[in-house]
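Spelled out from the first residue to the last, the chains are:
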Amino acid sequence: MLVKNSSTRFGLVAVTLHWLIALLFLFMIGLGLVMTRLPITDPWTFPLFQLHKSIGVTIFALVAFRIAWRGGNAAPPLPGNLKPYERALARLTHYGLYAALVLMPLTGWITVSASPLGIPTLLYGVIPLPHIGFIAARPDKEAIETVAGWVHTILAWSALALVCLHFAAALKHHFILRDDVLRRMLPSRALFQRKPRT
């Protein structure tokens, strides 16, 4: 597999980032559901929140790198037989996912910064992430925490819906349209090989 994208498939960097971000995001959804249901006094609550914040910052960095990489490495073109609305929907889904994956860590950081508890963040137990100073110092920060928390949750569920739509579209391309859209994002073209429809 080539490092960069080609006209027929995604390269090693794009494929690795795609699947790593996807797995981390799905893990974060499960982690978020677990940790928010624990009582604050549970011994697992603090480490799980710290892990959630650590992975959130990691996803933000990976998505930022992926966007930068995409800027210099054009994606393979979509199949020529797609209808205009299908092309528009594919673009909107991708842009929506990028936006959500960037905004979720930012709203999480705002939520933590606005929390009256003032709990510090240590990324992976080592790297301190400071609070956003002007938010932490505001007298109305509890209201900011509430709004940012709701936006963070809405973004998470919206991103999950877009992931499901994206996954369903990939399966449609592979099993119904029988084109190359799914295979070109797999680590190896030998996986899930199918003969094109004649």
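These notes cover the structure that comes with them. (Residues numbered from 1 in each chain as written. Predicted model: local features only at pLDDT ≥ 70, side-chain atom pairs only at ≥ 80, totals over all residues. Heavy atoms only, no water.)

### Let's talk about the nonpolar core
Then, number 1: Ile-21, Phe-25, Ile-59, Val-63, Leu-101 and Met-104 are the most contacted members of the largest nonpolar core, which has 27 residues in total.
Then, number 2: Put simply, the parts of the chain that give this core at least two residues each are α1 (12–35), α2 (45–72), α3 (84–114) and α5 (141–176).
Then, number 3: Among the elements that line this core, the one with the most residues is α1, at 11 residues.
Then, number 4: Excluding its chain neighbours within four sequence positions, the residues that come into contact with Ile-59 are Leu-24, Phe-25, Met-28 and Leu-101. (Core = buried A, V, L, I, M, F, W, Y, C linked by side-chain atoms within 4.5 Å. Buried < 20%, exposed > 50% of the residue type's maximum accessible area, 1.4 Å probe, protein only. Helix = DSSP H or I, 4+ residues; strand = E, 2+ residues; numbered from the N terminus. Contact = heavy atoms within 4.5 Å.)

### Notes on unusual backbone geometry
Then, number 1: In this structure, Tyr-124 is a non-glycine residue whose phi angle is positive, near 55°.
Then, number 2: One can find Tyr-124 in the loop between β1 (121–123) and β2 (127–129).
Then, number 3: A positive phi is found at Arg-178, a non-glycine position, where the angle reads about 55°.
Then, number 4: Position of Arg-178 among the secondary structure elements: in the segment after α5.

### Some thoughts on the pattern of salt bridges
Then, number 1: Scanning all chains against the criterion turns up three salt bridges.
Then, number 2: Of the charged contacts in the structure, one is a salt bridge between Asp-140 and Arg-138, with a shortest N-O distance of 2.9 Å.
Then, number 3: Since its relative accessible area comes to 34%, Asp-140 is described here as partly exposed. (Salt bridge = Lys/Arg side-chain N within 4 Å of Asp/Glu carboxyl O.)

### Some remarks on the packing of aromatic side chains
Then, number 1: Taken as a whole and judged by the stated rule, the model has one aromatic pair.
Then, number 2: When the ring of Phe-65 is compared with that of Trp-69, the centres are 6.1 Å apart and the planes differ by 35°; the resulting orientation is tilted. With a gap of four residues between them, Phe-65 and Trp-69 both fall in helix α2, about one helical turn apart. (Phe/Tyr/Trp six-rings, centres within 6.5 Å; stacked < 30°, edge-to-face > 60°.)

### Thoughts on a nonpolar patch on the surface
Then, number 1: Nonpolar side chains collect at one region of the surface, where Ile-40, Phe-46, Leu-117 and Ile-119 lie side by side and expose about 420 Å² of accessible area between them.
Then, number 2: Locating Phe-46 in the fold gives a position in helix α2.
Then, number 3: The exposure class assigned to Phe-46 is partly exposed, which follows from its relative accessible area of 48%. (Patch = residues over 30% accessible without salt bridge, like charges linked within 9 Å, V, L, I, M, F, W, Y side chains within 5 Å. Areas by Shrake-Rupley, 256 points an atom, 1.4 Å probe, with all protein chains shown as cover.)

### Comments concerning the packing of α2 against α3
Then, number 1: Between α2 and α3, whose axes approach to 9 Å, the crossing angle comes to 145°. Here α2 and α3 pass one another in a crossing that is left-handed. Contacts between α2 and α3 involve Lys-53, Gly-56, Ile-59, Phe-60, Val-63, Arg-66, Ile-67 and Arg-70 from the former and Tyr-98, Leu-101, Val-102, Pro-105, Leu-106 and Val-112 from the latter. (Axes fitted to C-alpha atoms, helices over the stretch in contact; angles between N-to-C directions. Left-handed = near helix turned anticlockwise from the far one by under 90°.)

### Focus on the side chain of His-18
Then, number 1: Here His-18 shows up in helix α1.
Then, number 2: The class for His-18 is buried, based on a relative accessible area of 14%.
Then, number 3: Beyond its immediate stretch of four places on either side in the chain, His-18 contacts Arg-66, His-166 and Met-185.

### Description of the packing of α1 against α2
Then, number 1: It is at 10 Å that the axes of α1 and α2 come closest, and there the two elements cross at 155°. Here α2 runs roughly antiparallel to α1, going by the angle between their axes. Handedness of the α1/α2 crossing: left-handed.
Then, number 2: For the contact of α1 with α2, the residue count by class is 21 nonpolar, five polar and one charged. (Parallel < 35°, antiparallel > 145°, perpendicular 65-115°, else oblique. Nonpolar A, V, L, I, M, F, W, Y, C, P; charged D, E, K, R; others polar.)

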